[in-house]
Structures are given as C-alpha cells and as structure tokens.
Amino acid sequence: MFRSDQDVICALATPAGVSALAVIRLSGAGAEGVIRKISPALSEKLEGHHAYHTFLRDPSDASILDEVIVTYFAKGRSYTGEASFEISCHGSQAVTENILRALVAAGSRMAERGEFTYRAFLNGRIDLIQAESILDLIESQSLQAAKLSMRGLRGELSSQLQAIENDITWILAQLEANIDFSSEDITFTPHEEIISRAKRVKAELQRLRASYESGREIKEGLTVVLVGKPNVGKSSLFNRLAGEERAIVSTQPGTTRDTIDFAKNICGHRVRFIDCAGVRSTNDEVEQLGIERSKKAIETADVILKIIEASDQQTQFELEDQDGDCHIITVGNKSDLIRQNLEIEVDVLVSAHTGFGIDQLIAMILKRARRTIVDAEAPIQNARQYEGISSALSYVNTAEQALLNNESPEFVASDLYAGLQELLKLRGTQLTDEVTDRVFRDFCIGK
Ligand SMILES: Nc1nc2c(ncn2[C@@H]2O[C@H](COP(=O)(O)OP(=O)(O)OP(=O)(O)O)[C@@H](O)[C@H]2O)c(=O)[nH]1
Ligand SMILES: [Mg+2]
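Chemist: Explain the overall build of the protein chain to me, please; I cannot follow it from the model alone.
Modeler: Per the secondary structure count, the protein chain includes 13 helices and 12 strands. Whereas a compact globule of 447 residues would reach a radius of gyration of roughly 22 Å, the protein chain reaches 29 Å, over 25% beyond that. Evaluated residue by residue, the protein chain yields a buried proportion of 48% over its 447 residues. In the protein chain, the share of contacts with a sequence separation of at least 24, taken over all contacts with a separation of at least 6, comes to 64%. When the accessible surface of the protein chain is summed, it comes to about 22100 Å², and 49% of that surface belongs to carbon and sulfur atoms. On the protein chain, the mean spot of the 49 positive side-chain charges and the mean spot of the 66 negative ones are 5 Å from each other.

Next up, the structure:
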C-alpha cells in the first residue's frame, strides 16, 4: 500500500497555516543520518526522549533555515517504533516548507496519509483497532468522544476481542482432539462444556455488536429534535438552547419551513438540536414539504422534545409511532403565560422567553446522553468493526446450532475457524491490503 517501509519519512504534523510553532515528524531507521545532514551542530550522542536546541541549515548552501528544538525518540520507544524525531520549528509556512524540502534533499521522502500510524502498526506498537481509535481521537468533537477513542487506543476493545478469540481457539482445540483421537480411548471435554463456551462467545459478540449504537451516539452526538404544532415556540426554544438567534420567530403559525440544526458541546457531550416546521394539515406546498422533513428528522432523533403550550389544551398532539429507543420529553412552553393551575401534564415546564426551566430541560437531555456512556463498554466504533463482528457472530451462530444438533466436529470447526478469521482480520493480525487500505485512507498526512 505504501512505498517502501524502509524509507525515512517526514511530514508536517500540525495544521498548515500561521502559528507560533509547528511540528515536523521524521521517522525511519536512517532518520538520524538525515537530520544530521541539516543539523551539523546537533549533539553527538543522542538520548531518547530528550530535546535538543539546534539550528537547521540548508544542505546546499549552509544558510540557516530555522532555530528549532529537536526531540529524539529511540527505536522501540517512539510512536512508530522506529528511530524518530520531532522538530519543533516556527509556524510559518515558508519555514516548514523549507525544512521539509531540506529533509527530502537530505535523503528522506514525504510521508503518505496515515503512514506514521501504519508503521506503528507494522512494528506491532498498535493493532488496527487502535489505529482507528487514533483517527477517531484526532477527529473527536467532544470530551466524551475523545474519552471513548482513548479507551479504544489503550486497547480495551482489542483485549476484549482477544478474549473471544481465545475462547474460540479453546473450542477449536477440543474439537480437533475429537477429530484426531476419536478412535482412541481418552476422555474428552464434555460436550456441554463446549456448548456453554460457544454460548459465551456468542453473547460477547452480541454485546459488542449492540455497542455500536452507543458508540455512534457518543461520536456523532445526541440528536435532539424539537417538534410540535405551529406557534408553540419551537424556534424560540431552539434559539434559547442554541444560545443565539438562529431560527426566525414570529407570531404567525407556519413560520419555520425548513429544518434548521445547531450543534454544541454541553458538559462534554456533543448535542445537535434540530428545529422543525410545526405539524398541521396545510394546503401550502412549501409548508407541506417542511412537514415531511420534520418527519424525517424525527426518525433520526435520539431525544424528541414534544413541545406544547403549557396553557393551551389545543396544542397537544400525538407523535406517530416512534421506535422504542428514542427518548421523548414533553415540554410545556410559555410557562410565563400560565394564570391558574396547569391542567396539562408535562415532563418539564419552560419559558423560551424568560429562560425558566431551561436548565432542567438540559439536565433531562443529558441524562439520556449519560445512559449511553454507561451502556458503552468499550463500544465498537465504526462500520468496519460492526461488519466484522456481525459476520463473526453469524459463523458462531451456525457453529452453535451444529453443536446443539450434535453434528460432526469437522463441520462445527470450519464455521468457528471462519469466525476466528473475521476477528483476526479486525485486529489486523490477518492482513489483507483491502483491510489496511480501508483503515488508513481516512488519515491525513503527518499522522
Ligand atoms: N409568552 C411567550 N411567548 C412565546 C414563548 N416562546 C415563544 N413565544 C411566542 O410564540 C410565537 C411563536 O414562536 P415561534 O418560536 O416562532 O414558534 P414555532 O413553534 O417555531 O412556530 P412555527 O415555526 O410557526 O411552527 C412568537 O410570537 C413567540 O414570541 C414563551 O416562552 N412565552
Ligand atoms: Mg418555528
């Protein structure tokens, strides 16, 4: 997939543009030789994890490129596993380009996307699942999402997969013994014990597969959709939650036509609010299209705020059948208009105008987000992992059935073996170009 893995590679590890500092990475067995060519004054004996102040010089005319700090990471104790350097230089594009050009002239080449992480993988520093976690961590948009990726990076999911692989291998060994020595007079592990181990494997895979939803919810954030009849104050509430005047508010029913969304981080959770057209029957074509969009938004919701006017019975409405996992909060808006006792039952009373009850509403929304975190025991993080686990699960299912039906051990073993392959492929122990391509193509250069 990448050009030779023996090359010394270099790249800018920080975003291009103007900044106080920028970091350039250099990695490969010959990295020290390369950097010495442009840093003649660099200390003769380098120690790992030590930083050195030095000047970089253009190898062609010895002119000074920049005054920098070079950090050395010895082989086996670096991100990639190879001898590596991080050059902290001044964050001007001209400076970083010049240094990179000099590094290339001195014998390294520009790294490709994800190549540093790929080398970490090649050198056994991380497995594929951890490589994916690194990408997720870089891209995480909330504290909770970052924490989740960090868990993946530290190998929680990898070790859970390993435990499942060990169980499968154990069963395979018992079956093999059965096949090889069936005519001899030795005692085998009881059939029930094998079945119960297979059931455990199945349950674990099912649990992991189910964690996909929670993982996705944490990564992409919670989608909160505001629905209700026209004029109940959805857009006013949306603006209040967003903290800015995003949606148009007016006394006219049917103001909002399109869905409008706004995402922000609340207490470390990513939350995306969607304001919708009020639902009513209408002959207005545009409004009708807006109402269709509201229905679509409802389908994607993790939390629905069903908004009514607290003092107006007429604004109550029923949601069409909703999938079981979506959390519905009935919100009574315009609490400031209530004169007598409230007759309508609501979960929370708010006023978009005065801000009354908004904190309580947010707390209710976050309760759902927290539940997801609890559910998410090192959840699987992406479609590749989901597919791998699902397909391993289906092999294990077939194997379990075969065991229950007392079918021949060869038959059971072949399915289990296929399931095991799927898991190994997932961690990258069983390597194919197609798999590595899929993992590393999303990286950017310098990672
Ligand atoms: N007194 C009071 N008026 C409110 C409150 N929230 C909204 N309103 C008023 O109710 C009217 C409708 O508000 P919107 O936010 O446009 O209502 P909507 O549900 O988005 O309406 P559509 O987009 O037409 O479906 C406006 O005149 C708002 O000023 C509130 O908490 N108290
Ligand atoms: Mg509106």
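This is not the end of the story, as more comes after the structure.
Chemist: Can you help me understand the coordination of the magnesium ion (ligand 2) in this one?
Modeler: Note on metal sites: the ideal angle is 109.5 degrees for four tetrahedral donors, and 90 or 180 degrees for six octahedral donors. Protein-derived ligands of the magnesium ion (ligand 2) are Ser-235 (OG) and Thr-256 (OG1), with the metal-ligand distances lying across 2.0 to 2.1 Å. Taken together, the positions of Ser-235 in helix 8 (residues 234-242) and Thr-256 in the loop between helix 8 and strand 8 (260-266) put the pair 21 residues apart, joining distant regions of the chain. Per residue, the accessibility class of Ser-235 equals that of Thr-256, and both read buried.

Chemist: What exactly am I supposed to notice about the packing of helix 11 (residues 383-404) against helix 12 (residues 409-427) here?
Modeler: When two helices pack together, their arrangement is given by the angle between the helix axes and the distance between those axes. Relative orientation of the contacting elements helix 11 and helix 12 amounts to 165°, with a least axis distance of 8 Å. With respect to their mutual orientation, helix 11 and helix 12 come out roughly antiparallel. Judged by the twist between their axes, the crossing of helix 11 over helix 12 is left-handed. Across the interface between the two elements, Arg-384, Gln-385, Gly-388, Ile-389, Ser-391, Ala-392, Tyr-395, Val-396, Thr-398, Ala-399, Ala-402 and Leu-403 of helix 11 pack against Phe-411, Val-412, Asp-415, Leu-416, Ala-418, Gly-419, Glu-422, Leu-423, Lys-425 and Leu-426 of helix 12. The residue makeup of the contact of helix 11 with helix 12, split by class, is 13 nonpolar, 5 polar and 4 charged.

Chemist: Help me understand the sheet that holds strand 1 (residues 9-12) in this model?
Modeler: Whenever strands of a sheet pair, they do so through backbone hydrogen bonds, lying parallel or antiparallel. With respect to topology, 6 strands assemble into an open sheet ordered 3-4-5-2-1-6, the strand pairing being mixed. At either end of the open sheet lies a strand with only one pairing partner, and these are strand 3 (50-57) and strand 6 (109-110). With 8 bridges joining them, strand 2 (residues 19-27) and strand 5 (residues 84-91) adopt antiparallel strand pairing. Pairing of Ala-22 across the sheet is with Cys-89, part of strand 5. Contacts between helix 2 (residues 93-105) and the sheet are confined to strand 1, strand 2, strand 3, strand 4 (64-73), strand 5 and strand 6, with strand 5 contributing the most and set at about 150° to the helix.

Definitions and cut-offs
- Residues numbered from 1 in each chain as written.
- Chains lettered and ligands numbered in written order.
- Predicted model: local features only at pLDDT ≥ 70, side-chain atom pairs only at ≥ 80, totals over all residues.
- Heavy atoms only, no water.
- Helix = DSSP H or I, 4+ residues; strand = E, 2+ residues; numbered from the N terminus.
- Rg over C-alpha atoms; globule rule 2.2 N^0.38 Å.
- Buried < 20%, exposed > 50% of the residue type's maximum accessible area, 1.4 Å probe, protein only.
- Contact = heavy atoms within 4.5 Å.
- Areas by Shrake-Rupley, 256 points an atom, 1.4 Å probe, with all protein chains shown as cover.
- Lys, Arg positive; Asp, Glu negative; His and termini not counted.
- Charge placed at Lys NZ, Arg CZ, Asp CG, Glu CD.
- Donors = N, O, S within 2.8 Å, 3.2 Å for Na, K, Ca; no water.
- Axes fitted to C-alpha atoms, helices over the stretch in contact; angles between N-to-C directions.
- Parallel < 35°, antiparallel > 145°, perpendicular 65-115°, else oblique.
- Left-handed = near helix turned anticlockwise from the far one by under 90°.
- Nonpolar A, V, L, I, M, F, W, Y, C, P; charged D, E, K, R; others polar.
- Pairing = 2+ DSSP bridges.

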